[in-house]
Amino acid sequence: MKLPGQEEFEVSSACKNVPTGELDSSPGSGPRPDGPLDTKRGNLGVSKDPLLFIQLNELLGWPQALEWRETGRWVLFEEKVEVGAGRWSVPHVPTLALSSLQKLHSLLAEGLVLLDCPAQSFLELVEQVTRVESLSPELRGQLQALLLQRPQHLIQPTGTRPCQGSAHPREASYNEEALLKEQHQNPLRQKLPPGAEAAAVLAGELGFLVQPLGAFVRLRDPVVLGPLMEVPLPSRFFCLLLGPSTVGKGYHEIGRAMAVLLSDSQFQWTVRRASNLHDLLAALDAFLEEVTVLPPGLWDPTTRIAPPKCLPSQHKRLFSQLREVKGPPAPPGALAEDRHGHWLRTPSPELQRTGRLFGGLLQDVRRKASWYPSDFLDALHPQCLSAVLYIYLATVTNAIIFGGLLGEATSGAQGVLESFLGTAAAGATFCLMAGQPLTILSSTGPVLVFERLLFSFSRDYSLDYLPFRLWVGIWVATFCLALVATEASVLVRYFTRFTEEGFCALISLIFIYDAVGKMLSLTSAYPIQSPGSPAYGCFCQYPDPGGNESQWTRTEPKDRDDISSMDLGLVNASLLPPTECAQRGGHPRGPNCHTVPDIAFFSLLLFLTSFLLATALKHVKTSRFFPSVVRKVLGDFSSVLAMLLGCGLDSFLGLATPKLTVPSEFKPTLPGRGWLVSPFGTNPWWLSVAAALPALLLSILIFMDQQITAVILNRAEYKLRKGAGFHLDLFCVALLMLLTSVLGLPWYVSATVISLAHMDSLRRERRTCALGEPCSFLGIREQRLTGLVVFILTGTSIFLAPVLKFIPMPVLYGIFLYMGVAAMSSTQFTKRVQLLLMPAKHQPDLLLLRHVSLSRVHLFTAIQLACLGLLWIIKSTPAAIIFPLTLLGLVGVRKALERVFSPQELLWLDELMPEKERSIPEKGLEPKYSLGGDSEHSELMYQPKTPEINISVN
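Residues numbered from 1 in each chain as written. Predicted model: local features only at pLDDT ≥ 70, side-chain atom pairs only at ≥ 80, totals over all residues. Heavy atoms only, no water.

As annotated in an unreviewed UniProt entry, the chain is Anion exchange protein from Vulpes vulpes. In its Sequence similarities (unreviewed entry) section, the UniProt entry covering the chain states "Belongs to the anion exchanger (TC 2.A.31) family." (UniProt positions renumbered as here; feature names shortened; annotations may be inferred.)

Structural data, given as structure tokens:
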């Protein structure tokens, strides 16, 4: 007896069902260990086996027309066929009824289990499975014919959509060539890595069966089973679950239970190495012991759980199983490393003292010299081209923003031109010489604050600013070289989250305060008038001697101070009565003469627009709108796009808002000075020695700003294989401080935000991953060429000066505000401050709140707020120049907190300092009480260490 489709299946099986020899050496084909859990293989039980694709074929149509239809598939998460829509569902976490697992256990215990089955084709496999004594020869023949019937798959070729309203999936063609073409064009095949294997689960109801029939087969050699699977993968497992008709979806749920079991990494690892039925049932029992049961009255089984952003670590499950296995325990050292290595910081070899003068620097040079050729060869990848474009735009934007703000802070002593030139020269040199070439040098908020303080000090005491700044830079370079010689970079181990958050919060507040203050000063200078009130004056355009209308004159009453000619960037601004505008042949720009109050209003509009646009575009990256490529572009270039849109709005409306001041020629912004700064100028000679005091404070600031960024960039979770270079990087920064001081260029250190964005653009990820699973992070493409090209392009951007002068200053202020808000919102400190204002019932389920009492969390936050308030007060007083020293005091405050908080509390609220990690015994970190069998720190131990590029301290 042959059912329709059997002949084609036999032809296909005879031609295509051949063993895959390349998989003979897979873990499933070798000798089996004695027990189901071999702790000496597979990294303590963590699966290193080929990826397994599981497919569920269900028998439908009894008793009229029987046919096999694919109804579900698994790689890691479940996808169901949505018959009405003719498509696959979104991947989701599968949920099972406990009864289906229990029934599956009974079927396997009483059914047929074949381990290392030698079948070489699907026909042989069917014959092996149907050799059951309970089946008569007639039933056996009917069952074989039924199993050989071709199943129907739902295959959607790339770029096509199923017809709307289709009631049935598209049937596969019986033509052999069309079938193979359809299988190979399946888009799912592209998502599965080479070497992947398959598992087929067949389930359904058969009226002619008297009792259930269950069979589980593990093939010795994986075999391609022809059209049984929707993708032509070699199959390792085959499971048959059939039985008489029942009420409900009995065998459908049992088949789902078997597929979910095979998709579980721990069960799959054990079953691949099982030697008998006892091992198989033991693996199922172990799965049952870890199952979480949801009460039926509080849970809707039809609800689909979205895949988590980060998959939980398998170590926690592994150790719970190891405790139950009888035999020699694992080495204590290995367990301790796995228990605490996930959350205790271990110092990197770059932060170990050598005890020799410049010993750390020499080690960095030797370490990086061996990688130097590969630093250029590794850049020969298309990904580096997109990284160059992305980081170039970010670097240019940063140079424009900080150049404009630096020009205001120093009254034009430095400006955008110096910012471009210094960024290009310092950045390119650093990329060629540094120990961590992924670092991007730029002007940063802390250095900008110090430049402002230094200029104010020079102005208040009538000092020549640039010569004084030159000697400060010379002394800073000297102090930094001394820090390199004494290997002071090892002290970065004491920079915990407490210090980083205090540093970040202070700079963020300075950004926010300055941005809002600039806009308020503009509004104060030009108060917004109510309708009908007299205008202060007009902006009139009149022809220059050549007849071209290119000059602007501000006309207003003569008794008004000339307070805005520099702010507004006007050419030849002068005080004229309103009537003189018409006498000179000028005319207003537009139907209504733009008054001074209009300037304040439209400047405020541009300020808020640029801030809101940058914020909204950044949030688009994590939204569900638009394709992923569009979301990434909008999110990564949020600042650039916000600036361009702000400039476009300003140009469209024809507003006379304050513009960025840019020199029209390649010469210093400050008139009358050359590119080399005179050592003394009008300053007394002894000032060169007195400059050592502010230089000492700036050295502390440079050290903290540079090394905090270096610590963040070189974290272990970024999987950098070429190592760090803390000493070499600081040495390069010292030499560049000397160079930029001599040329009167801005000072540069590592910029955290752009450097992290640089690393993010060079992420290496596994191309193929399970549906619904986040791509596996492999590391960073470490090389020097992208940064070098970025800074060369930045240097050529000096010739963009004719375009940059059209950028409105309110737009830059809005981007400045966005940077401060984004930096502040990315820290745990901000979340803990929000808890102070939030009732307990509305507080989010943060991990630290599960293990630290709310009063202790509030105390820790209050101490941080007090430190931040003290830093702000010092910054706002005449003693502001010593604020770098107060930043260093945060490390001392953090050390003192060890007398107030326990190590367990500091572990959740902050991090442990190096001495504390070594001196505290293991039992000191154990909880006092353990409820439910889970230790209090288990969640922290097994938190996945994946890079999160969302920290901003610039």
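Picking up after the structure, the text goes on.
S.K.: I'd like a rundown of the nonpolar core, residues and numbers included.
M.R.: In summary, soluble globular proteins display a tendency toward joint burial of nonpolar side chains. Counting residues in each nonpolar core, the largest one holds 142 residues, and the members touching the most others are Val472, Leu698, Ile702 and Leu887. Look past the residues within four positions of leucine 698 in its chain and what remains in contact with it is Phe450, Val472, Val476, Met737 and Trp747. If you look at the next biggest cluster of nonpolar residues, it comprises 37 residues, including Phe53, Ala196, Leu228 and Met229. (Core = buried A, V, L, I, M, F, W, Y, C linked by side-chain atoms within 4.5 Å. Buried < 20%, exposed > 50% of the residue type's maximum accessible area, 1.4 Å probe, protein only. Contact = heavy atoms within 4.5 Å.)

S.K.: Residues and numbers for the packing of aromatic side chains, please.
M.R.: Aromatic rings considered in pairs are described by the distance between their centres and by the relative angle of their planes. One pass over the structure, following the stated rule, counts 11 aromatic pairs. Residues phenylalanine 860 and phenylalanine 901 carry aromatic rings whose centres are separated by 5.5 Å and whose planes lie at 75° to one another, so their mutual orientation is edge-to-face. With a gap of 41 residues between them, phenylalanine 860 in helix H33 (residues 854-875) and phenylalanine 901 in the loop between helix H34 (883-896) and helix H35 (903-909) connect regions that are remote in the sequence. There is no split in this pair, since phenylalanine 860 and phenylalanine 901 are both buried. Taken together, Phe457, Tyr461 and Phe468 form an aromatic cluster joined through their ring pairs. Of note, arginine 469 hangs over the ring of tryptophan 747, and the distance from its end group to the ring centre comes to 4.0 Å. (Phe/Tyr/Trp six-rings, centres within 6.5 Å; stacked < 30°, edge-to-face > 60°. Helix = DSSP H or I, 4+ residues; strand = E, 2+ residues; numbered from the N terminus. Lys NZ or Arg CZ within 6 Å of the ring centre and 35° of its normal.)

S.K.: Outline the environment of phenylalanine 611, listing residues and values.
M.R.: Structurally, phenylalanine 611 can be placed in helix H21 (residues 596-620). Accessibility expressed as a relative area gives 16% for phenylalanine 611, which makes it buried. Spatially, the C-alpha atoms of phenylalanine 611 and leucine 812 are 9.2 Å apart, while their sequence positions differ by 201 residues. Leaving out residues up to four positions away in the same chain, phenylalanine 611 has contacts with Gly814, Leu817, Tyr818 and Val821.

S.K.: Account for helix H30 (residues 809-825), with residues named and values stated.
M.R.: With 17 residues, H30 extends 25 Å between its outermost C-alpha atoms, agreeing within 8% with the 24 Å of an ideal straight helix rising 1.5 Å per residue. Most of H30 is tucked away, with 14 of its 17 residues classed as buried. (Expected span 1.5 Å × (residues − 1).)

S.K.: Describe the pattern of salt bridges, and please don't skip the residues or the numbers.
M.R.: Applying the stated rule across the entire model yields 26 salt bridges. Between aspartate 460 and arginine 459 there is a salt bridge, and its shortest N-O distance comes to 4.0 Å. For the pair shown, aspartate 460 and arginine 459 are each scored as exposed. Glutamate 501 is paired through a salt bridge with arginine 832; the nearest N and O atoms lie 3.0 Å apart. Here glutamate 501 is found in helix H19 (residues 497-525), whereas its partner arginine 832 is found in helix H31 (residues 828-836), with 331 residues between them in sequence. Look at the salt bridges and you will find they share partners, linking Asp49, Glu197, Arg236, Arg272 and Arg273 into a network. (Salt bridge = Lys/Arg side-chain N within 4 Å of Asp/Glu carboxyl O.)

S.K.: Report on a nonpolar patch on the surface, specifying residues and quantitative values.
M.R.: On the surface, Tyr372, Leu432, Met433 and Leu735 cluster together into a nonpolar patch covering about 320 Å² of accessible area. Note that leucine 735 resides in helix H26 (residues 726-743). According to the relative accessible area criterion, leucine 735 is partly exposed, its value standing at 37%. (Patch = residues over 30% accessible without salt bridge, like charges linked within 9 Å, V, L, I, M, F, W, Y side chains within 5 Å. Areas by Shrake-Rupley, 256 points an atom, 1.4 Å probe, with all protein chains shown as cover.)

S.K.: Residue-level account of the sheet that holds strand S3 (residues 78-82), with values.
M.R.: Taken in spatial order, the eight strands line up as S4-S3-S2-S1-S6-S8-S7-S5 in an open sheet, and their pairing is mixed. Of all strands in the sheet, those bounded by a partner on one side alone are strand S4 (87-88) and strand S5 (112-117). As defined by bridge partners, strand S7 (residues 213-224) adjoins strand S8 (residues 234-243) across eight bridges and the pair is classed as antiparallel. By the bridge assignment, valine 223 is partnered in S8 with serine 235. Packing against the sheet, helix H8 (residues 250-263) makes contact with strand S1 (52-60), strand S2 (67-74), S3, strand S6 (197-205), S7 and S8, and its axis sits at approximately 165° to S6. (Pairing = 2+ DSSP bridges. Axes fitted to C-alpha atoms, helices over the stretch in contact; angles between N-to-C directions.)

S.K.: Any chance you could break down helix H9 (residues 265-272) for me, citing the residues and the numbers?
M.R.: Burial runs high along H9: seven of the eight residues are buried. The backbone nitrogen of glutamine 266 lies 3.3 Å from a side-chain oxygen of the residue at the head of H9, namely aspartate 264. (Polar contact = N/O pair within 3.5 Å; in protein donor to acceptor, adjacent residues only side chain to side chain.)

S.K.: Give a detailed account of the packing of helix H15 (residues 382-409) against helix H28 (residues 785-796), specifying residues and quantitative values.
M.R.: Viewed as axis vectors pointing N to C, H15 and H28 meet at an angle of 45°, and their least axial separation amounts to 9 Å. Overall, the two elements H15 and H28 adopt an arrangement that is oblique. Considering only the axes of H15 and H28, their crossing is right-handed. Packed against H15, whose contacting residues are Cys384, Val388, Ile391, Tyr392, Thr395 and Val396, the element H28 presents Thr786, Val789, Val790, Phe791, Leu793 and Thr794 at the interface. In terms of residue class, the contact of H15 with H28 is built from nine nonpolar, three polar and no charged. (Parallel < 35°, antiparallel > 145°, perpendicular 65-115°, else oblique. Left-handed = near helix turned anticlockwise from the far one by under 90°. Nonpolar A, V, L, I, M, F, W, Y, C, P; charged D, E, K, R; others polar.)

S.K.: Before we move on, could you go through the pairing of S2 and cite the residues and values that matter?
M.R.: Taking burial as the measure, the eight residues of S2 include seven buried ones, the bulk of the element. As defined by bridge partners, S1 adjoins S2 across seven bridges and the pair is classed as antiparallel. Among the inter-strand pairings, leucine 60 is bridged to a residue of S2, identified as glutamate 67. A loop of six residues connects S1 with S2, the two strands running antiparallel in sequence, and glycine 61 in this loop sits at a positive phi of about 100°. Relative to S3, S2 runs antiparallel, the two being bridged by three bridges. Within S3, the position partnered with arginine 73 by the bridge is glutamate 79. Between S2 and S3, which pair antiparallel in sequence order, lie three residues.

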